Amino acid sequence: MTDSKYFTTTKKGEIFELKAELNSDKKEKKKEAVKKVIASMTVGKDVSALFPDVVNCMQTDNLELKKLVYLYLMNYAKSQPDMAIMAVNTFVKDCEDPNPLIRALAVRTMGCIRVDKITEYLCEPLRKCLKDEDPYVRKTAAVCVAKLHDINAQLVEDQGFLDTLKDLISDSNPMVVANAVAALSEIAESHPSSNLLDLNPQSINKLLTALNECTEWGQIFILDCLANYTPKDDREAQSICERVTPRLSHANSAVVLSAVKVLMKFMEMLSKDLDYYGTLLKKLAPPLVTLLSAEPELQYVALRNINLIVQKRPEILKHEMKVFFVKYNDPIYVKLEKLDIMIRLASQANIAQVLAELKEYATEVDVDFVRKAVRAIGRCAIKVEQSAERCVSTLLDLIQTKVNYVVQEAIVVIKDIFRKYPNKYESVIATLCENLDSLDEPEARAAMIWIVGEYAERIDNADELLESFLEGFHDESTQVQLQLLTAIVKLFLKKPTETQELVQQVLSLATQDSDNPDLRDRGYIYWRLLSTDPVAAKEVVLAEKPLISEETDLIEPTLLDELICYIGTLASVYHKPPSAFVEGGRGVVHKSLPPRTASNESTESPETAPAGPPSGEQPDVIPAQGDLLGDLLNLDLGPPVSGPPLATSSVQMGAVDLLGGGLDSLMGDEPEGIGGPNFVTPPAAAVPANLGAPMGSGLSDLFDLTSGVGTLSGSYVAPKAVWLPAMKAKGLEISGTFTRQVGSISMDLQLTNKALQVMTDFAIQFNRNSFGLAPAAPLQVHAPLSPNQTVEISLPLNTVGSVMKMEPLNNLQVAVKNNIDVFYFSTLYPLHILFVEDGKMERQMFLATWKDIPNENEAQFQIRDCPLNAEAASSRLQSSNIFTVAKRNVEGQDMLYQSLKLTNGIWVLAELRIQPGNPNFMLSLKCRAPEVSPHVCQAYETILKN
């Protein structure tokens, strides 16, 4: 019968029976009982009551029973540290057992018991095991040093274990060497500054010798360690490469990628003229190709790494294009990755093959894949000039299929081809114009409008085409509106007599009827240019555009060099450095490739020239804050214009310079004699009347100079509530609330002593929570708290503590200690204390983000019995850092579009609908973390009703 029988019993009184069986004289019965205990522990039952009885079973020669008891000990030692001490003598005894398996088992278990009291007893047995005659014991002890270092780093250093560990790198057994390297690497990660792995040519030689005889995981540890070494010259680099190359034919893909990482790094130091360099390039291709015959998940990881390798050294895989052709049964994530690499490897030699393949892909059924394939054809045209004509004819064939999404993608890429090869392929414009009506995606519409505007002189009915887009101007996305405005201005400059009315219409729509600041500003700039100096307008708007570069999606070179050093890790899959996704940045060291130091190059070669200022001097990249502000505020917008003085009392930061110069003249007060048949004179009604008004009016809202930033009112503070009643805390009563003022959060506490003795030695600690709230300073009660005395304390908080998702999200578990005891309570903090002061999003950004967040993340709430109007609601919410981005009135309903940002960087966008006379508000919230929404709604309700 199998061991499954141990998991099927659910009798009552089981603990008592097990206790009796554990104390039985019969060995078999004891063993059965321990198995039952382990089974109960595995399924989550609490069997800690049996601790002393299980520990008594340790005195046995039976290895199986000993393993089971040790397993139990590891699990419960933390909750029963005093009992665990009982087992120490047996551990020490087992560390001297004649059987090496038992010695290793004892030292491994002692390392896993994370109890401070036991660690000091562990030192002596560990020291013996590190010098044990049996390699199995030594390799286990090496890993134990890393575990002990994690529990008590100081103890490990004081006992000299690190030096013993370094000595193990010279051990005769390869597995001991691998484990010593693994342990030292682990310790070095948590202490980046310490030079634990002091690698030199002698130790490198020992590691390379051990490399051939280790297990596969041992090889990975050694290869990762080698990758951190910088050889002294190109000869040493070549010697290491020669000895690492055989690892490329290993069956384990992790070993292969670790070997590739070492070779890619050391190749930097080899001269490209060397024969060996060419040999190495040839040797690197087959293992990478072999990785692509694994299962899809491994293929994906391999492809992400190959993507980096191809960007760094495309010559490695330049003849291997065929292996990246897509198979019909590849998952979509593998297909897209292969497509990306195909384009990176595309060259004049293989472009015919690639294009035939891409054209095939463009007729597939998977929409995402087809879109990417069409884009890929465009990228090939831009990358390989000789193929551009073939690419354009392929794209035209695809447009003839009349498949909507294919047509739209084709138009987007043809726009890029026009930018790369001007005056070459414009003959296809007629075909593009035929498909105008089928375009419904913003990017495709914007691309088509750009083409019509750019080549207006070649299109007879360009004005009609652009006018057709103008009919639904306000329903278009911002991208399309901006493109349409520019295209019509281009058209006007090319055909002024026929399109004056059209340009008046678009400028009026962009400046008067639009809420979007970008669109409005661009409209005013064009208006001003056209009405003052049409020649300058022509030079600006119809200026010759620079050609677009062929590869716009390459990883930036310094980041690429860093990612090459992380091949075979998560960083190489994410294409981000570890610092971007490892929380807390513990153990994250920025790596870079070694400089070229080939002996046959002169010492002053460009590769070895110092790449920046000498150390000690900081490159002055970011100007001081003052410089930036000065530059921004001294923008000269034109000559000052006489008019009513601007009210400056509310803002003293140069706003007058920013707004006074020339904005009024932009609005229509132009000197006479400028108008003419080719010029557009903006009518007085083109601008809302309040634009020239004093600061208190609409212009201050436009620039948001008076809102929120300087206010000290702080957000809404709830009245104090009793968090810990005196009955539960031996006479200590704690009341409190949370506040946020001028960017700092605090917990306002009221401590009352209702006991008969004096209270002293107060301290406070928070459990991990959803937003990392933690005390920013100790809890300071300056004098002893006498009976019946109350003291009020404001405890500053920060949000840099440990994070763990709580249920509910805003739950905070607190421990307060004094001279009597430790007391625990939990409270719910209002989410608005986490709303930061820079939570106002630009309108443009707001629109884009709202569209970008999926609709399923939108949550609808109703706020009942709220008597405020829209102005009062907006003002009250703003004092708690909920900012109104825009306001509209739709069919008598006030719509407030608002944004807020939490301390952890999560943005929440809101639409608040207020019907005058109706006390119930409708609130729609959109957020990338939808679990936050109910708590944000609660914050809205709290702020609006108090």
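Residues numbered from 1 in each chain as written. Predicted model: local features only at pLDDT ≥ 70, side-chain atom pairs only at ≥ 80, totals over all residues. Heavy atoms only, no water.

**Student:** Pulling in residues and values, what's your account of the overall build of the protein chain?
**Tutor:** On a plain count of helices and strands, the protein chain comes out with 39 helices and 13 strands. Taken across its 946 residues, the protein chain has 48% of its residues classed as buried. Across the protein chain, the fraction of contacts at a sequence separation of at least 24, relative to all contacts at a separation of at least 6, is 66%. In the form shown here, the protein chain has an accessible surface area of approximately 45,900 Å², with 52% of it arising from carbon and sulfur atoms. (Helix = DSSP H or I, 4+ residues; strand = E, 2+ residues; numbered from the N terminus. Buried < 20%, exposed > 50% of the residue type's maximum accessible area, 1.4 Å probe, protein only. Contact = heavy atoms within 4.5 Å. Areas by Shrake-Rupley, 256 points an atom, 1.4 Å probe, with all protein chains shown as cover.)

**Student:** Quick one: what's the story with the pairing of strand E9 (residues 858-863), residue by residue and with numbers?
**Tutor:** Burial of the side chains of E9 is restricted to one face: Ala859, Phe861 and Ile863 are buried, whereas none of Glu858, Gln860 and Gln862 on the reverse face is. As paired elements, E9 and strand E13 (residues 921-927) share six bridges and run antiparallel to each other. Across the sheet, Gln860 pairs through a bridge with Ser924, a residue of E13. (Pairing = 2+ DSSP bridges.)

**Student:** Can you explain the nonpolar core? Please cite residues and give values.
**Tutor:** As a rule of thumb, soluble globular proteins bury nonpolar side chains together. Of all hydrophobic cores here, the largest spans 213 residues; its most connected members are Tyr72, Val244 and Phe418. Those residues within four positions of Tyr72 in sequence are excluded, and the remaining contacts are Val37, Ile38, Met41, Val47, Ser48, Leu50, Phe51 and Val54. Membership of the second largest hydrophobic core comes to 63 residues, among which are Val781, Phe861, Ala910 and Leu912. (Core = buried A, V, L, I, M, F, W, Y, C linked by side-chain atoms within 4.5 Å.)

**Student:** I'd love a proper account of the pairing of strand E4 (residues 763-766), names of residues and values included.
**Tutor:** Here E4 shows one buried face, formed by Ile764 and Phe766, and one open face, formed by Ala763 and Gln765. The pairing of E4 with strand E7 (residues 811-817) spans four bridges and is antiparallel. Residue pairing in the sheet places Ala763 in a bridge with Lys817 of E7.

**Student:** Tell me about the state of the cysteines, residues and numbers included.
**Tutor:** In the structure shown here, the tally under the stated rule is zero disulfides. Here Cys129 stays unpaired: no disulfide links it, and the sulfur of Cys95, its closest cysteine neighbor, is 4.4 Å away. The class for Cys129 is buried, based on a relative accessible area of 0%. (Disulfide = S-S within 2.5 Å.)

**Student:** Explain the sheet that holds strand E5 (residues 774-775) residue by residue, including any values.
**Tutor:** Here five strands make up an open sheet; going across it, the order is E1-E2-E3-E6-E5 and the pairing antiparallel. A strand with exactly one partner marks an edge of an open sheet, and here the two such strands are strand E1 (721-724) and E5. Here eight bridges tie strand E3 (residues 744-753) to strand E6 (residues 790-798), and the two strands are oriented antiparallel to one another. If you follow Ser746 over to E6, its bridge partner there is Pro796.

**Student:** Just give me the short version of the sheet that holds E7, but keep the residues and values in it.
**Tutor:** Pairing in this open sheet of three strands is antiparallel, and the strands run E4-E7-E8 from one edge to the other. Taken across any chain shown, the strands that pair with only one partner, and hence form the sheet edges, are E4 and strand E8 (822-828). The mean inter-strand angle of the sheet, taken between neighbouring strand axes irrespective of direction, is 25°. Here seven bridges tie E7 to E8, and the two strands are oriented antiparallel to one another. Bridge assignment links Leu812 to a residue of E8, and that residue is Thr827. (Axes fitted to C-alpha atoms, helices over the stretch in contact; angles between N-to-C directions.)

**Student:** I'd like a description of the packing of helix H13 (residues 201-211) against helix H15 (residues 234-244), backed by residues and values.
**Tutor:** With their axes 10 Å apart at the nearest point, H13 and H15 run at an angle of 15° to one another. Here H13 is positioned roughly parallel relative to H15, judged by the angle of their axes. Crossing handedness for the pair H13 and H15: left-handed. Between H13 and H15, the residues in contact are Pro201, Ile204, Asn205, Leu208, Thr209 and Leu211 and Glu236, Ile240, Arg243 and Val244, respectively. A per-class count over the contact of H13 with H15 returns six nonpolar, two polar and two charged. (Parallel < 35°, antiparallel > 145°, perpendicular 65-115°, else oblique. Left-handed = near helix turned anticlockwise from the far one by under 90°. Nonpolar A, V, L, I, M, F, W, Y, C, P; charged D, E, K, R; others polar.)

**Student:** Talk me through a negative patch on the surface; I want residue IDs and the actual numbers.
**Tutor:** A contiguous patch of negative charge on the surface is contributed by Glu464, Glu467, Glu471 and Glu501. For Glu471, the location among the structural elements is in the loop between helix H26 (462-470) and helix H27 (478-494). (Patch = residues over 30% accessible without salt bridge, like charges linked within 9 Å, V, L, I, M, F, W, Y side chains within 5 Å. Salt bridge = Lys/Arg side-chain N within 4 Å of Asp/Glu carboxyl O. Lys, Arg positive; Asp, Glu negative; His and termini not counted. Charge placed at Lys NZ, Arg CZ, Asp CG, Glu CD.)

**Student:** Now, about the packing of helix H21 (residues 367-383) against helix H22 (residues 388-400): what can you tell me, with residues and values included?
**Tutor:** Running from N to C, H21 and H22 cross one another at 155°; their axes reach a closest spacing of 8 Å. Taken together, H21 and H22 sit at an angle that is classed as roughly antiparallel. Classified by chirality, the crossing of H22 by H21 is left-handed. Judged by residue contacts, Val374, Ile377, Cys380 and Ala381 of H21 engage Ala388, Cys391, Thr394, Leu395 and Leu398 from H22. For the contact of H21 with H22, the residue count by class is eight nonpolar, one polar and no charged.

**Student:** An account of helix H20 (residues 351-361) is needed here, citing residue identities and associated values.
**Tutor:** Since the α-helix packs 3.6 residues into each turn, any two residues three or four apart lie on the same face. Burial in H20 covers these residues: Ile351, Val354, Leu355, Glu357, Leu358 and Tyr361. For H20, the angular spread of the buried residues around the axis is 165°, confining them to a single face. Pointing more than 90 degrees away from the buried face of H20 are the exposed residues Ala356 and Glu360. Of the surrounding elements, those touching the buried residues of H20 are helix H19 (332-345), H21 and H22. (Arc of directions from axis to C-beta.)

**Student:** Go over the packing of aromatic side chains, please, and point to the residues and values.
**Tutor:** As enumerated under the stated definition, the model contains eleven aromatic pairs in all. Consider the rings of Trp723 and Phe738, whose centres lie 5.3 Å apart with planes at 35°: the pair is tilted. With Trp723 in strand E1 and Phe738 in strand E2 (residues 732-741), this residue pair connects regions lying 15 residues apart in the sequence. When sorted by exposure, Trp723 lands in the same class as Phe738, which is buried. Here the aromatic rings of Phe846 and Trp850 are separated by 5.9 Å at their centres, their planes lie at 20°, and the arrangement is stacked. Note that Phe846 and Trp850 are positioned in helix H37 (residues 843-852) at a spacing of four residues, about one turn of the helix. Its relative accessible area of 19% is what places Trp850 among the buried residues. Taken together, Trp723, Phe738, Phe825 and Tyr829 form an aromatic cluster joined through their ring pairs. (Phe/Tyr/Trp six-rings, centres within 6.5 Å; stacked < 30°, edge-to-face > 60°.)

**Student:** Report on the pattern of salt bridges, specifying residues and quantitative values.
**Tutor:** Inspection of the entire model under this criterion finds 33 salt bridges. Notably, a salt bridge pairs Glu441 with Arg371, separated by 2.5 Å at the nearest N-O pair. With Glu441 in the loop between helix H24 (429-434) and helix H25 (442-454) and Arg371 in helix H21, the pair connects residues that are 70 residues apart, well separated along the chain. In this structure, Lys805 engages Glu931 in a salt bridge whose closest nitrogen and oxygen atoms are separated by 3.9 Å. Placement of Lys805 in the loop between E6 and E7 and of Glu931 in the loop between E13 and helix H39 (933-945) is noted, with a sequence separation of 126 residues between them. Within the structure, one salt-bridge network assembled from shared partners comprises Arg371, Arg375, Glu409, Glu441 and Glu443.

**Student:** Can you tell me about unusual backbone geometry, naming the residues and giving the values?
**Tutor:** The step from Glu807 to Pro808 runs through a cis peptide bond, and the omega angle for that step is -5°. On the secondary structure map, Pro808 appears in the loop between E6 and E7. A positive phi angle, close to 55°, is found at Asp761, a residue other than glycine. Following the sequence through the fold, Asp761 ends up in the loop between E3 and E4. Positioned with a positive phi, Glu891 is a non-glycine residue whose angle comes to about 50°. Its location among the elements puts Glu891 in the loop between strand E10 (883-890) and strand E11 (893-901).

**Student:** Can you explain the environment of Ile399? Please cite residues and give values.
**Tutor:** Along the chain, Ile399 turns up in helix H22. Spatially, the C-alpha atom of Ile399 lies 6.9 Å from that of Ala410, the residues being eleven residues apart in sequence. Here Ile399 is in contact with Val407, Ala410, Ile414, Thr431, Leu432 and Asn435, once residues within four sequence places are set aside.

**Student:** Explain the environment of Lys538 residue by residue, including any values.
**Tutor:** Mapped onto the secondary structure, Lys538 falls in helix H30 (residues 534-541). The class for Lys538 is partly exposed, based on a relative accessible area of 42%. Once the C-alpha coordinates of Lys538 and Val489 are considered, the two residues, 49 residues apart in sequence, prove to be 9.4 Å apart. Sequence-distant contacts of Lys538, that is, excluding residues within four places in its chain, are made with Leu493 and Ala543.

**Student:** Got a sec to walk through the side chain of Thr478? Specific residues and values, please.
**Tutor:** Residue position: Thr478 is located in helix H27. Among the polar contacts made by the side chain of Thr478, one reaches the side chain of Asn516 at a distance of 3.5 Å. Dropping the residues within four chain positions of it, Thr478 is found in contact with Asn516, Gln844 and Leu847. (Polar contact = N/O pair within 3.5 Å; in protein donor to acceptor, adjacent residues only side chain to side chain.)

Geometric descriptors of this kind do not, in isolation, establish any biological role.
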